[in-house]
Amino acid sequence: MFNTAISLDTINAWAAGNMIEHLGIEFTEIHATYIKAKMPVDHRTKQPLGLLHGGASVVLAETLGSVAVVLAVQDPKVETGVGVEINANHLKSARGGYVIGTCIPLRIGRKIHVYEIKIHDEEENLICASRLTVAIIPIK
């Protein structure tokens with residue numbers, strides 16, 4: 001399903017100069033059926049009470065899904081994906097360390113992709129469950 005010929009170094013280089021870099025998100029694994037990335041729970045990703053900000057979890061989820069699209073489309077030079085809808089259930093708090101997101105495709109169609117992203121802490125506690133729907137469009 002996913003193109004594993006694209007290296008982690010290449011994917012991580014896409015973060016330069018944007019929100020992915022700012023939040024410290026790093027891709028850690030590419031497999032044919034899933035991809036993983038981690039994000040620090042620190043001053044950049046916490047809310048004022050010292051907990052992981054729900055919005056940061058959503059950024060991690062959408063980042064994973066957006067990269068998944070590039071790895072899943074037939075020809076990333078001809079078509080790409082744009083987010084249509086994302087939801088997130090925040091199930092447990094995190095105060096430090098890293099959270100790890102795992103993205104798996106639920107459906108890879110010609111026009112619509114749907115991805116499930118689960119975010120765990122380092123102790124494997126489920127922090128957030130998210131789903132991203134992406135429309136596939138031609139690159140102009």
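Above: the structure in question.
Note that the coordinates shown come from a computational prediction; the quantities given were computed from them, not determined experimentally.

**Notes on the pattern of salt bridges**
Then, in step 1: Under the defined criterion, the tally for this structure stands at one salt bridge.
Then, in step 2: The partner of Asp-42 in a salt bridge is Arg-44, with the nearest N and O atoms 2.7 Å apart.

**Some thoughts on the packing of aromatic side chains**
Then, in step 1: Throughout the structure, instances matching the rule amount to one aromatic pair.
Then, in step 2: When the ring centre of Tyr-98 is taken as origin, the NZ or CZ atom of Lys-38, which lies over that ring, is 4.5 Å away.

**What to know about the sheet that holds strand 2 (residues 35-40)**
Then, in step 1: Taken in spatial order, the six strands make up an open sheet running 1-2-4-5-6-3, and their pairing is antiparallel. The sheet is open, and its two edges are formed by strand 1 (26-30) and strand 3 (79-90), each paired on a single side. Sheet twist, expressed as the mean angle between neighbouring strand axes with direction ignored, is 25°.
Then, in step 2: Where strand 1 lies against strand 2, four bridges are found, and the strand directions are antiparallel. Residue Phe-27 lies in a different strand from strand 2, and its bridge partner there is Ala-37.
Then, in step 3: Contacts from helix 3 (residues 54-72) reach strand 1, strand 2, strand 3, strand 4 (98-108), strand 5 (112-121) and strand 6 (126-138) within the one sheet, and its direction differs from that of strand 5 by about 135°.

**Brief notes about the state of the cysteines**
Then, in step 1: The tally for this structure, following the rule as stated, stands at zero disulfides.
Then, in step 2: Unpaired in this structure, Cys-103 has its nearest cysteine sulfur neighbour in Cys-128, at a distance of 13 Å.
Then, in step 3: Residue class for Cys-128 comes out buried when judged on its relative accessible area of 0%.

**Structural notes on the pairing of strand 4**
Then, in step 1: Pairing between strand 2 and strand 4: six bridges, direction antiparallel. Note on strand 4: the bridge partner recorded for Lys-38 is Ile-100.
Then, in step 2: Between the end of strand 4 and the start of strand 5, which pair antiparallel, lie three residues.

Here is what the cut-offs are and how they apply
- Residues numbered from 1 in each chain as written.
- Predicted model: local features only at pLDDT ≥ 70, side-chain atom pairs only at ≥ 80, totals over all residues.
- Heavy atoms only, no water.
- Salt bridge = Lys/Arg side-chain N within 4 Å of Asp/Glu carboxyl O.
- Phe/Tyr/Trp six-rings, centres within 6.5 Å; stacked < 30°, edge-to-face > 60°.
- Lys NZ or Arg CZ within 6 Å of the ring centre and 35° of its normal.
- Pairing = 2+ DSSP bridges.
- Helix = DSSP H or I, 4+ residues; strand = E, 2+ residues; numbered from the N terminus.
- Axes fitted to C-alpha atoms, helices over the stretch in contact; angles between N-to-C directions.
- Contact = heavy atoms within 4.5 Å.
- Disulfide = S-S within 2.5 Å.
- Buried < 20%, exposed > 50% of the residue type's maximum accessible area, 1.4 Å probe, protein only.

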